[in-house]
Amino acid sequence: MRVLLLGATGTIGSAVFDELIQHGYSVLALARSDTSAQKIIDKGADVIMGNLKSPQQWSESIQSVDAIIHLAATFCDDMAEIDRRVIDELIEQSQKLNHAVRFIYTGGVWLYGKTGDTPATEQSTLNPISSFEWMVPQGQHLFNAPYFNTSIIHPGIAYEQDGGVLSGFIPVEERIEVWGSLDTRWPVVHTKDLAKAYRLVLEQGKSDSAYNVCSEQGVMVGDIAMARAKKFNLIKSPRVLAKKDVLSEQGDWALGPMLDQCMSAEKIMNELGWHPDYTSIVSIASK
C-alpha cells in the first residue's frame, strides 16, 4: 500500500512515518523545505515538494496512492482556512479517481472540551475549544466525500522522552511552570504507541468512524511537573501560572492544555487490538 503522509516531519508525523516504513509501506511525504525533503529521503520514502497553503501544487499526487494520513497543521492565525483549502482540494482531486482512497484525519482530545471525571468516548458530544472547533465540520466534510473512506483519530496529548508535551516542562528560574492548575488531568499517549494506532486504523479501521487513542485516561499535570522537577534535581515546587495570564500571553489555543479531561481508548483496544507499550508518562518524565 502506498500512503501520502502530510506532516511527516512533525512530532507525531515522524513516529507514524517510522511505523509505516518499518511495516513495509511505501510512503510519499509532503515536504516544504530541502532539509525536510532530505530527512524523508534518508528514511527510504519518496518526496513531493509543497506546503499546505498551496495544495493545488501537489494534490494530484493522490492519484498514485491508496491512502492519505493527514497530520499536518500550520498553527497560524488562518490555520482553519488553510486546512479547509487542503481538504476541499483533495476532495476535488478524489473525484478524478477510479477507486476509493483511505483517509485518516486527525482531530484531538481538545475537541471534547472539559470532561471532568467522566471519560470521553467516541459517543460523547463534541464540545471543542474555539481555536479548533473548525475540525468538527472538516471531519464531517470528509465523511461525506464519496471517494474517501475516512476514519478520524482523536489522540490524547502526545509525548516522548524529552519530546512532545514533555519538551515544555523545562526549568524556568529553577522551577517547572504549569498552566492553570496542578490538578488538571490529561489523557496522554506516547508517540510510538500513537503511531501504532494510526497504522492499525489504516489497516482495519471502519470508515465514517472515530477512534480515541490514549494510554492513560487522565494524568494530573502536577504529577508530571513533579517528575520533571526530579529529573532536573529541582528543590522548588512547580510554579502555577494563572489561567487568565496564560490566555493573555499565549492566545485562546492555550485553553486546550488547561482543560481537565479524561478519555477512554476502549474502542480501539477492543475493535483493533491496540495496546500501548508505554503506560506511565510520570515514569518517563522523571528520567
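These numbers were taken from a predicted model, which means no experiment stands behind them.

A. Just the nonpolar core, in detail. Core analysis: the biggest nonpolar cluster contains 92 residues, and Leu4, Trp58, Ile68, Ile69, Phe148, Phe169 and Ile268 have the highest contact counts within it. Among residues more than four places away in sequence, those in contact with tryptophan 58 are Leu4, Leu6, Leu30, Ile48, Met49, Gly50, Asn51, Leu52, Val86 and Leu90.

B. Structural detail: the pattern of salt bridges. Evaluation of the coordinates by the stated rule reveals 14 salt bridges. Here lysine 231 ties to aspartate 162 by a salt bridge, and the two come within 3.7 Å at their closest N and O atoms. Of this pair, lysine 231 sits in helix 6 (residues 221-231) while aspartate 162 sits in the loop between strand 7 (157-160) and strand 8 (163-164), and the two are 69 residues apart along the sequence. In this structure lysine 231 comes out as partly exposed when scored by relative accessible area, which is 25%.

C. Representation of the pairing of strand 6 (residues 148-155). Here strand 6 lies mainly inside the structure; 7 of its 8 residues are buried. Note that strand 5 (residues 101-106) and strand 6 share 6 bridges and pair parallel. Its bridge partner lying in strand 6, tyrosine 105 is registered against isoleucine 152. The parallel pair strand 5 and strand 6 is bridged by helix 4 (residues 135-144), and the resulting crossover is right-handed. Inspection of the sheet shows strand 6 paired to strand 12 (residues 209-213) by 5 bridges, in the parallel sense. Along strand 12, the bridge assignment pairs isoleucine 152 with alanine 210.

D. Inspection of the sheet that holds strand 13 (residues 216-220) at higher detail. Taken in spatial order, the 4 strands make up an open sheet running 8-7-11-13, and their pairing is mixed. Strand pairing shows two members of the sheet lacking a second neighbour, strand 8 and strand 13, which therefore form its edges. Summarising the sheet, strand 7 and strand 11 (residues 185-190) pair through 3 bridges and their orientation is parallel. Residue alanine 158 lies in a different strand from strand 11, and its bridge partner there is valine 189. Contacts from helix 5 (residues 191-204) reach strand 7 and strand 11 within the one sheet, and its direction differs from that of strand 11 by about 70°.

E. The packing of helix 3 (residues 79-94) against helix 4, seen in detail. Orientation of helix 3 relative to helix 4, taken along the N-to-C sense of each, is 0°, at an axis distance of 11 Å. In terms of axis orientation, helix 3 runs roughly parallel to helix 4. Here helix 3 contributes Asp83, Arg84, Ile87, Asp88 and Ile91 to the contact with helix 4, which in turn contributes Gln138, His141 and Leu142. Class assignment for the residues of the contact of helix 3 with helix 4 results in 3 nonpolar, 2 polar and 3 charged.

F. Region of the structure containing the packing of helix 1 (residues 11-22) against helix 5. At a minimum axis separation of 8 Å, helix 1 and helix 5 run at an interaxial angle of 60°. Taken together, the axis directions place helix 1 and helix 5 in an arrangement best described as oblique. In this structure, helix 1 meets helix 5 at a crossing whose hand is right-handed. Contacts between helix 1 and helix 5 involve Thr11, Ile12, Ala15, Val16, Glu19 and Leu20 on the former and, on the latter, Thr191, Leu194, Ala195, Lys196, Tyr198, Arg199 and Leu202.

G. Main features of the environment of alanine 72. Here alanine 72 lies in the loop between strand 4 (67-70) and helix 3. Linking alanine 72 and glycine 13, residues 59 residues apart in sequence, is a C-alpha distance of 7.9 Å. Dropping the residues within four chain positions of it, alanine 72 is found in contact with Leu6, Gly7 and Leu52.

H. Just the sheet that holds strand 14 (residues 239-241), in detail. Reading across the sheet, the 3 strands line up as 9-10-14 and stay open at both edges, with mixed pairing between neighbours. Where the open sheet ends on each side, the last strands, each with one partner, are strand 9 (171-172) and strand 14. In this structure, strand 10 (residues 175-179) lies alongside strand 14, joined through 3 bridges in parallel fashion. Bridge assignment links valine 178 to a residue of strand 14, and that residue is valine 240.

I. Up close: unusual backbone geometry. In this structure, phenylalanine 75 is a non-glycine residue whose phi angle is positive, near 50°. With respect to the secondary-structure elements, phenylalanine 75 resides in the loop between strand 4 and helix 3. Relative accessible area serves as the criterion here: at 64%, phenylalanine 75 is assigned to the exposed category. Non-glycine residue asparagine 233 carries a positive phi angle of around 55°. Looking at where asparagine 233 falls in the secondary structure, it is placed in the loop between helix 6 and strand 14.

Criteria and cut-off values
Residues numbered from 1 in each chain as written. Predicted model: local features only at pLDDT ≥ 70, side-chain atom pairs only at ≥ 80, totals over all residues. Heavy atoms only, no water. Core = buried A, V, L, I, M, F, W, Y, C linked by side-chain atoms within 4.5 Å. Buried < 20%, exposed > 50% of the residue type's maximum accessible area, 1.4 Å probe, protein only. Contact = heavy atoms within 4.5 Å. Salt bridge = Lys/Arg side-chain N within 4 Å of Asp/Glu carboxyl O. Helix = DSSP H or I, 4+ residues; strand = E, 2+ residues; numbered from the N terminus. Pairing = 2+ DSSP bridges. Right-handed = clockwise from strand over helix to strand, strands pointing away. Axes fitted to C-alpha atoms, helices over the stretch in contact; angles between N-to-C directions. Parallel < 35°, antiparallel > 145°, perpendicular 65-115°, else oblique. Nonpolar A, V, L, I, M, F, W, Y, C, P; charged D, E, K, R; others polar. Left-handed = near helix turned anticlockwise from the far one by under 90°.

Such coordinate-based values are descriptive only and should not be taken to indicate function.
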